[in-house]
Every structure is written in C-alpha cells, then in structure tokens.
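The lines below spell out each chain.
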Amino acid sequence: MDPAEIQRRVDTRQFNENDSGENQPRWGSARFDEQTRLILRMSESGQIVTVDATRGGGVTLGRYDPETGTAPDVDLTPFGAEDLGVSRRHARIDIHEDALRITDLGSANATYLNGLRLTAHQPRILRDGDEVRLGHLKMQVTFVDTPGQR
C-alpha cells in the first residue's frame, strides 16, 4: 500500500457545515418536532400514510365505523384493517417533549412495538425505524425532516 493510501485510511474524515446532519433525524432517533413528519409504511403493500403527529391531542389510528359513520384521524380501512384485527379506535400517537409516544387504547387485538405487546393506556416512545403492529397490520415508522415547512 502506498503512503498516500495509508494516510487516507488513518486520517479522520473532515465534514463541512453542510455535512453535519445536525438537524436530521437518524434511524433510532426519538427526536420529533414541528418540522418532522411521521410516515407509516404498510409492510405488506408498501403503501405509505403521512401523519400530522404535531396536532394537539394526538392522532388516533384505527378503522372506519360503518354503524356510526365515524373514522379515526388515520383510517387504516383501505389497508385491510378489519380483516387484520384493527379496532375502530386502536391506538393514539401524540407528541410530548419533542418525542412521539404511542398508546394502545384498549384494543381487542393489542398494539405491538418492535414485537413487544404494549400495555393498554401506557404510552411508549416511538422512534424512527420502529415496527408497529396493530392486530396483524404491520407498519414501519419513518421520521422525515422537512425544513421550512410551517
């Protein structure tokens, strides 16, 4: 190996200001603010849903109720929610201290975070890259930073 190659492997990579990524969410990060968007990607179909998780009171995930004609904030009916055991009001996602929390709302078929069953009405931190399962409906969580929006 020539001396220049050895030096390249030994030197610490230098970043410029634009490379810092300081305000970019990272996989596994729990940081979430008003410029971050929550994306839910359905594991089976690959379809995505963009969720405005910054609204006051949080957002409810579930399926359409044909008896009352009401729907949750994020209606998962188009993704086979009824057949996959998603309750009408299954879970809630809300923001607290720059982090998202997911709470099972006492659903019939439970909410799972990375394979672990959540205790009903006990909020858990939601992170970029997590897998959420409502009944048998699996979703991948992604945080996307959108600077300048809002």
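My aim in this report is to walk through the structure given alongside it, one point at a time. (Residues numbered from 1 in each chain as written. Predicted model: local features only at pLDDT ≥ 70, side-chain atom pairs only at ≥ 80, totals over all residues. Heavy atoms only, no water.)

### A word on the overall build of the chain
Definition in use: To qualify as a helix, a DSSP run of H or I must reach at least 4 residues; to qualify as a strand, a run of E must reach at least 2; elements of each kind are numbered from the N terminus. Three labels apply to residues, based on accessible area from a 1.4 Å probe with only protein chains included: buried if under 20% of the type maximum, exposed if over 50%, partly exposed otherwise in between. Only heavy atoms matter for contacts: two residues are in contact if any of them lie within 4.5 Å across the pair. Using a 1.4 Å probe, accessible areas were evaluated by the Shrake-Rupley method; residue-level cover was limited to the displayed protein chains.
Scanning the chain from terminus to terminus reveals 1 helix and 11 strands. Reading the chain from its N end, one meets helices and strands in the order α-β-β-β-β-β-β-β-β-β-β-β. Residues counted as buried form 41% of the 150 residues belonging to the chain. When contacts within the chain are restricted to residue pairs at least 6 apart in sequence, those whose partners lie at least 24 apart make up 49%. Taken as a whole, the chain presents about 9300 Å² of accessible surface, with 44% of it coming from carbon and sulfur.

### Points about the nonpolar core
As a reminder of what qualifies: Note on terminology: a nonpolar core comprises buried Ala, Val, Leu, Ile, Met, Phe, Trp, Tyr and Cys residues joined through side-chain atoms within 4.5 Å.
The biggest cluster of nonpolar side chains holds 27 residues, and the ones touching the most others in it are Leu38, Leu76 and Ile93. If you list the elements that add at least two residues to this core, you get β1 (36-42), β2 (48-51), β3 (59-62), β5 (91-96), β6 (99-104), β10 (131-134) and β11 (137-145). Tallying contributions element by element places β11 first for this core, with 4 residues. Once residues lying within four places of it in the same chain are set aside, the contact partners of isoleucine 93 are Leu38, Ala53, Gly58, Val59, Leu61, Leu100, Arg101, Ile102 and Leu126.

### Comments concerning the sheet that holds strand β8 (residues 116-117)
Convention followed: Criterion used throughout: strands pair if DSSP finds at least two bridges between them.
Read from one edge to the other, the open sheet built from 6 strands follows the order β2-β1-β11-β10-β7-β8, with strand pairing classed as antiparallel. Each of the sheet's edge strands pairs with one partner strand only, and the pair in question is β2 and β8. Relative to β11, β1 runs antiparallel, the two being bridged by 7 bridges. Residue pairing in the sheet places leucine 40 in a bridge with valine 141 of β11.

### Considering the side chain of serine 107
Operational definition: Whenever two N or O atoms come within 3.5 Å, that pair is a polar contact, provided that in protein one can donate a hydrogen and the other can accept it, and provided that, for residues adjacent in sequence, both atoms are side-chain atoms.
Within the secondary structure, serine 107 sits in the loop between β6 and β7 (111-113). Engagement of the side chain of serine 107 in a polar contact is seen with the side chain of aspartate 104, the distance being 2.6 Å. At 3.1 Å, the side chain of serine 107 forms a polar contact with the backbone nitrogen of alanine 110. For serine 107, the residues in contact, after removing those within four places along its chain, are Ser87 and His90.

### Comments concerning the environment of aspartate 130
Its place among the elements puts aspartate 130 in the loop between β9 (124-126) and β10. For aspartate 130, a relative accessible area of 8% translates into the label buried. When near neighbours in sequence (up to four residues on either side) are disregarded, aspartate 130 contacts Leu113, Asn114, Ile125, Met139, Gln140 and Val141. Side chain to side chain, aspartate 130 and asparagine 114 meet in a polar contact 2.9 Å long.

### Here's the deal with the pattern of salt bridges
Where we set the bar: Every case where a carboxyl oxygen of Asp or Glu lies within 4 Å of a side-chain nitrogen of Lys or Arg is listed as a salt bridge.
Considering all chains together, one arrives at 4 salt bridges under this definition. The partner of arginine 88 in a salt bridge is aspartate 65, with the nearest N and O atoms 3.2 Å apart. Separated by 23 residues along the polypeptide, arginine 88 in the loop between β4 (74-75) and β5 and aspartate 65 in the loop between β3 and β4 bring together distant segments of the chain. For aspartate 65, a relative accessible area of 12% gives the class buried.

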